[in-house]
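Coordinates in review
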Amino acid sequence: LMMARITIAVTGRQGSGKTTLMKAIMGYLPPDWNLRVLEAAPELYLRETYPNREIYSVQGTATLSMEELQDAFKKSDATVTVIGEVATDPVSARMIQLAMTGSLMTVFSHHANTGKDLVLTLRNSLVNAGGFSNMQTAERQVTDVLKLNIHLGFEEGLRFVKRITEIYQ
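What you see is a predicted model, and the numbers here were worked out from it, not measured in a lab.

1. Describing the pairing of strand 1 (residues 7-11)
- Of all the 5 residues making up strand 1, 5 are buried; the element is thus mostly covered by neighbouring parts of the structure.
- Pairing geometry for strand 1 and strand 5 (residues 105-110), over 5 bridges, is parallel. Within strand 5, the position partnered with Thr-11 by the bridge is His-110.
- Two strands pair when backbone bridges link them, and strand 1 and strand 6 (residues 146-155) are joined in this way by 5 bridges, in the parallel orientation. Residue pairing in the sheet places Thr-11 in a bridge with His-151 of strand 6.

What follows is the structure, encoded as structure tokens:
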């Protein structure tokens with residue numbers, strides 16, 4: 001999956017292992033692929049886990065928003081864009097834009113319950129952020145970009161991949 005060069009969402013409830021899976025799968029990428037990482041709060045610590053990789057890692061602050069950092073990302077050279085958590089309308093909208101133009105692939109986490117919920121939530125974020133007024137066009141934009149959803153489960157203390165969903169139009 002990591003070699004497919006597609007946009008992948010890792011979803012699941014809190015504590016299901018989204019961050020842990022994202023951290024682990026970075027090890028399956030070719031070592032010469034550089035990473036740019038955006039997080040609201042540091043969780044991935046990819047620079048510590050993969051000290052020999054070129055990793056540009058930033059997080060939002062009181063004076064620099066996630067959206068401003070995403071805009072700055074457009075000026076950086078990266079093979080893979082990693083967004084620790086896509087949770088707001090502006091970050092969702094910019095994630096879709098970055099996935100279209102900024103790198104070979106994008107990996108992000110989200111709290112959606114199903115692949116359909118993920119597409120609809122991202123669609124709504126595009127409309128809410130002001131980029132689209134037509135729901136169908138916004139949904140098509142999401143499905144053009146997002147190709148795979150790895151959904152994690154967490155039950156009785158066990159974390160597991162519950163399903164892998166291909167997203168298509």
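The discussion continues.
2. Thoughts on the sheet that holds strand 5
- Spatial strand order, 3-2-4-5-1-6-7: 7 strands in an open sheet with mixed pairing. Edge positions in the sheet fall to strand 3 (55-59) and strand 7 (158-166), since each of these pairs with one other strand and no more. Across the sheet, the mean angle separating the axes of adjacent strands is 15° when strand polarity is ignored.

Reading the values: the criteria
- Residues numbered from 1 in each chain as written.
- Predicted model: local features only at pLDDT ≥ 70, side-chain atom pairs only at ≥ 80, totals over all residues.
- Heavy atoms only, no water.
- Buried < 20%, exposed > 50% of the residue type's maximum accessible area, 1.4 Å probe, protein only.
- Helix = DSSP H or I, 4+ residues; strand = E, 2+ residues; numbered from the N terminus.
- Pairing = 2+ DSSP bridges.
- Axes fitted to C-alpha atoms, helices over the stretch in contact; angles between N-to-C directions.

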